[in-house]
Amino acid sequence: MGFILASMGSAVGLGNVWRFPYITGQYGGAAFILLYIGCALAVGIPLLLAEFLIGRKTQRNPVGAFKTLRPRSPWVFTGWLGVISSFVILSYYAVVGGWVLHYVYLSLIDSFTGKSPEQITALFVSMNANPWLQIFWLLMLMLLTVVIVSRGVSRGIEIGNKIMMPLLFALLLVLLFYALQTDGAAAGLEFLLRPQWQELGRSAVLEALGQALFSLSLGMGAMITYGSYLSRQTNLVRCAFFVAAGDTLVAILAGFVVFPLVFSFGLEPSAGPGLIFRTLPIAFAQLPAGYWVALAFFVLLSFAALTSSLSLLEVACAYFVDEQRWSRTQATWTLGIVIFLLGIPSAVGAEFLGFMDGLATNYLLPTGALLIAVFTGWVLMPAERREEFSAGEGSVFRFACWSFLIRFISPVAVILIFLHQLHWF
Ligand code: TRP
């Protein structure tokens, strides 16, 4: 249970509540959701299983895992890439997480109620123009992350997730009931449920694939690290299904919260990245009990961001503790400071934040995902794969399906993402 909540905590993040609703908005609602589910089933779950499997088999951090499986081979580079990715991603993810904390504070001091849309937009613009404010909240988010991770896997990460994840689900349900009673509910539902197939082109497919990788925390060994804390009695297939289903459900339900509110006030559904910070508070300003809705929403979002930050820091931390023999306290505080410093440029300039995001989601994660798929599908011997897969899970049929997907479908899908970025496809 602790493991499933922690892995879901890693997966459920800003990617679900902030990114998924707005790209769904841009690509025609229901059709995109179906496509996304297809990608999660065909590519996401097989890769998630591959990461869990490598982690559990070796009981090591990503670098140690590849060293154990193929000693003195270049495959250890895959582990390195994961550790580097964790620095890159956390440095800007924590800046956006910091924005969320700032919005929790703004909700607490009742900054939205009765304000005009211009005044609410000004809140976002002035936050973006104020590097010190963003650095302050970046520091707060990193402090929370470091304090939790430094307490250890079971006493810190697991307890943190066991508290935050149920609260996140509860808040989501409350918000859902509330949103479905607003005037915009019908329009919001129609927007999400009526498939507009004509919007689905090649770029929608690739967007859905990239989103599935990011949202399930794949491609940098975060799930290798979490999997390394599992025992051989665990049924990995069931875990992977639970985690992927929970993650997808939260993403879809977040859409069911966001769009009714957006449509209730005639706001723009395809507002893009600013949807959550600039557009939604305009609805909060005018809703009955808007104070509480805003507070619930941003607290939920901050839990989502924080539980993902924990997993990002744990990857680098596990490496320094296992391979470099640092103490956990030393590792978390040192890494925390380094990542905080790396995050400052993203807090100062939105272009840098965009650059880091692009670097991670377009290059680092797909490279990592490709290497992990090829390693599991083609480098591990079939017997090695089968032996680890079968511990805790007996089905021969499921093993055959997974083998096929991880060997043929996952690598090809990731290569297509690359070709598309290079404008060759
Ligand atoms: N999955 C998280 C989200 O949806 C982000 C995240 C956490 C992540 N850990 C990761 C993404 C590891 C890639 C790799 O927001």
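Residues numbered from 1 in each chain as written. Predicted model: local features only at pLDDT ≥ 70, side-chain atom pairs only at ≥ 80, totals over all residues. Heavy atoms only, no water.

K.L.:
Just checking my understanding: could you explain the side chain of Glu-393 for this structure?
P.N.:
Residue placement: Glu-393 occurs in the loop between helix H17 (382–390) and helix H18 (396–421). The exposure class of Glu-393 is buried, given its relative accessible area of 4%. Separated by 3.2 Å, the side chains of Glu-393 and Asn-235 make a polar contact. Look past the residues within four positions of Glu-393 in its chain and what remains in contact with it is Asn-235, Val-237 and Arg-398. (Helix = DSSP H or I, 4+ residues; strand = E, 2+ residues; numbered from the N terminus. Buried < 20%, exposed > 50% of the residue type's maximum accessible area, 1.4 Å probe, protein only. Polar contact = N/O pair within 3.5 Å; in protein donor to acceptor, adjacent residues only side chain to side chain. Contact = heavy atoms within 4.5 Å.)

K.L.:
I would appreciate a short explanation of helix H1 (residues 2–11) in the present structure.
P.N.:
Along an α-helix, a turn takes 3.6 residues, which lines up residues three or four apart on a common side. Within H1, 10 of the 10 residues are buried, which leaves it mostly tucked inside the rest of the structure. Buried within H1 are the following residues: Gly-2, Phe-3, Ile-4, Leu-5, Ala-6, Ser-7, Met-8, Gly-9, Ser-10 and Ala-11.

K.L.:
Hey, could you run me through the site of the ligand in this one?
P.N.:
Lining the immediate surroundings of the ligand are 16 residues, of which Ala-11, Gly-15, Tyr-93, Phe-214 and Ser-217 lie closest. Contacts to the ligand include Ser-10, whose backbone N or O atom sits 3.2 Å from a nitrogen atom. In the model, a nitrogen atom of the ligand is placed 2.9 Å from a nitrogen or oxygen of the Phe-214 main chain. In the complex, 100% of the free accessible area of the ligand, which totals 360 Å², lies under the protein chains. Every element with two or more residues in the shell around the ligand is listed here: H1, helix H2 (14–26), helix H10 (202–215) and helix H14 (290–322). The class makeup of the residues in the shell around the ligand is 8 nonpolar, 8 polar and no charged. (Near = heavy atom within 4 Å. Areas by Shrake-Rupley, 256 points an atom, 1.4 Å probe, with all protein chains shown as cover. Nonpolar A, V, L, I, M, F, W, Y, C, P; charged D, E, K, R; others polar.)

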